[in-house]
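Residues per chain, in single letters:
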Amino acid sequence: MKTLFNHLILLLALAATLLALQGCAVDSRNDMQSELYKRYASRDGLTVSQVRGMRINDSVKIDVLILVADDAKVWQDCTEEFDIRNSEGVASWIGAPAHPERRVAWDGNPCCKVIASPAKQTISIYTLQNDVEYQSLLDYQLNLLMNTK
């Protein structure tokens, strides 16, 4: 009986540790999103929205920051900062976590998925922590494309 009790205590301690570690990952993601939000929200001519925990599927939620240029001049500034060269369709890339305008190769580490729509003068910055979130976002976007009429 004492051995069973010791095992239960050990399992509870392990569960508490895992929950604490998960909380740290969420906090670091929130800190990064908050810094990005502050950076862009302080600019004149940009409407900035932050959505925390956007449901992508049954088990995955991610954070997204949405930047909308209020006029053509502000959009032009965004295209220069983010190196957006097309004026139609969408531009999409993987960005560095703290600098989504800087393109990086996907390596499985935390990053930003950036999607820019010149027609809507909008840039969406999705904060991704791992391969599951990356793949889930790709599936979500493909689903949207397939269901658009």
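Residues numbered from 1 in each chain as written. Predicted model: local features only at pLDDT ≥ 70, side-chain atom pairs only at ≥ 80, totals over all residues. Heavy atoms only, no water.

To continue, consider the pairing of strand S2 (residues 61-69). Pairing of strand S1 (residues 46-55) with S2 involves eight bridges; the strand directions are antiparallel. Directly across from leucine 46, in S2, lies its bridge partner alanine 69. Between S1 and S2, which pair antiparallel and follow one another directly, the connecting turn spans five residues. Inspection of the sheet shows S2 paired to strand S5 (residues 122-128) by six bridges, in the antiparallel sense. Looking at the pairing, aspartate 63 lines up with threonine 127 of S5. (Pairing = 2+ DSSP bridges. Helix = DSSP H or I, 4+ residues; strand = E, 2+ residues; numbered from the N terminus.)

Bringing a nonpolar patch on the surface into the picture now. On the surface, a cluster of nonpolar side chains totalling about 370 Å² of accessible area is made up of Leu142, Leu145 and Met146. Within the element layout of this structure, leucine 142 appears in helix H3 (residues 131-146). (Patch = residues over 30% accessible without salt bridge, like charges linked within 9 Å, V, L, I, M, F, W, Y side chains within 5 Å. Areas by Shrake-Rupley, 256 points an atom, 1.4 Å probe, with all protein chains shown as cover. Salt bridge = Lys/Arg side-chain N within 4 Å of Asp/Glu carboxyl O.)

Let us look at the confidence of the model for the chain. Mean pLDDT for the chain: 82, with 77% of residues reaching 70 or above. Highest mean pLDDT in the chain belongs to helix H2 (residues 72-81) (97); lowest belongs to helix H1 (residues 2-41) (53). Contacts for the low-pLDDT stretch residues 4-28, under 50 throughout, to residues beyond four places or in other chains number zero contacts. (pLDDT = per-residue confidence, 0-100. Contact = heavy atoms within 4.5 Å.)

Let us look at the nonpolar core. Tyr40, Leu46, Leu67, Ile84, Ile123 and Ile125 are the most contacted members of the largest nonpolar core, which has 19 residues in total. Those elements that place two or more of their residues in this core are H1, S1, S2, H2, strand S3 (91-95), strand S4 (111-117) and S5. Those residues in contact with leucine 46 that lie beyond four places of it in its chain are Tyr40, Leu67, Val68, Ala69, Asp70, Val74 and Cys78. Core analysis: the next-biggest nonpolar cluster, separate from the first, contains twelve residues, Met54, Val60, Val64 and Tyr126 among them. (Core = buried A, V, L, I, M, F, W, Y, C linked by side-chain atoms within 4.5 Å. Buried < 20%, exposed > 50% of the residue type's maximum accessible area, 1.4 Å probe, protein only.)

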